[in-house]
Amino acid sequence: MDQPSRPLPEPRDPDWEERLRHGFGAQRFMTLLGAELGSVAPGRVEILLPIHDDLGQQHGFVHAGALWSIADSAAGFAAQSLMGPEEGVLTVELKINLLSPAHGTGLRAIGRIERAGRRLTVGRSDVYALEVDQPQRHVATALGTFLAVLEDDTMRR
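Novice: I keep staring at the overall build of the chain and nothing clicks. Help me out?
Specialist: Of the regular secondary structure elements, the chain holds three helices and six strands. What you see in the chain, going N to C, is helices and strands ordered as α-α-β-β-α-β-β-β-β. By the compact-globule yardstick of 15 Å for 157 residues, the chain fits well, its C-alpha radius of gyration being 15 Å. With the C-alpha coordinates of the chain rotated into their principal frame, the extents come out at 45 × 35 × 25 Å. In the chain, buried positions account for 41% of the 157 residues. Contacts spanning at least 24 positions in sequence make up 65% of the contacts within the chain whose residues lie at least 6 apart. Accessible surface, the chain: about 8700 Å² in total, of which carbon and sulfur atoms supply 54%. Averaging the positions of the 16 positive and the 21 negative side-chain charges in the chain gives two centres separated by 7 Å.

As structure tokens, this is what we get:
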């Protein structure tokens, strides 16, 4: 299901894509993981993460924290895409279901908005494991609530 339950509002920022890409680039944690921003559209964001040894846990699978991180950012930036130019986004809560151990060559998180409100937005992310010459495998689903906050100098530390 890649469509929201109701039509999404238009982005309130005409420069939403530039601001979204800048914001993702400023997230040092995503850089530390090796995550990259993929395709973007209003209310939908894709994040790609090549799997490397540093993401592993003791059984050889990708650590759940890596899946949680890209799921959170994909849904959070999907929420950001619909917000006004003076607004930032903070995660209020995020619940994740880990469906299958993640392994392969990469991960793909697709975040999309289920319902956009004035202050609170509900989004979901589906995370897929990628393997060469294999269909992608659904490994996690997350559902979160995101808060629109006014950006000011204290948020840009």
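Back to the text.
Novice: Help me out: how do you make sense of the sheet that holds strand β1 (residues 36-41) in this one?
Specialist: Spatial strand order, β1-β2-β4-β5-β6-β3: six strands in an open sheet with antiparallel pairing. The open sheet has two free edges, formed respectively by β1 and β3 (87-98), since each of these has just one partner strand. Taking the axes of each pair of neighbouring strands and ignoring which way they run, one obtains an average angle of 25 degrees across the sheet. Judged from the 10 bridges that link them, strand β4 (residues 106-116) and strand β5 (residues 120-130) form a sheet pairing that is antiparallel. From the neighbouring strand, Arg-115 faces β5, where its bridge partner is Val-122. Sitting on the sheet, helix α1 (residues 16-26) is in contact with β1, β2 (44-50) and β3, with an inclination near 160 degrees to β1.

About the cut-offs
- Here the residue numbers are simple positions, counted from 1 along each chain's written sequence.
- Given that this is a predicted model, residues contribute local features only at a pLDDT of at least 70 and side-chain atom pairs are listed and counted only at 80 or more, while totals for whole chains, interfaces and linings are drawn from all residues.
- Side-chain calculation: all heavy atoms of the structure are included, whereas hydrogens and water are not.
- Only DSSP runs of H or I with at least four residues qualify as helices, and only runs of E with at least two residues qualify as strands; both kinds are numbered from the N terminus onward.
- Note on method: radius of gyration uses C-alpha positions; expected globular size equals 2.2 Å times residues raised to 0.38.
- Note on classification: 1.4 Å probe, protein chains only; a residue is buried when its accessible area is under 20% of the maximum for its type, exposed when over 50%, partly exposed between these limits.
- Only heavy atoms enter the contact rule, under which two residues are in contact if any of them lie within 4.5 Å.
- Each accessible area value is a Shrake-Rupley result obtained with a 1.4 Å probe; residue values ignore everything except the protein chains displayed when judging cover.
- For this count, His and the chain ends are skipped, Lys and Arg are scored as positive, and Asp and Glu as negative.
- All charge positions are set by atom: Lys at NZ, Arg at CZ, Asp at CG, Glu at CD.
- Only strands joined by at least two bridges in the DSSP assignment are considered to pair.
- Simply put, an axis is a line fit to the C-alpha atoms, just over the touching stretch for a helix, and the angle between two N-to-C directions goes from 0 to 180 degrees.

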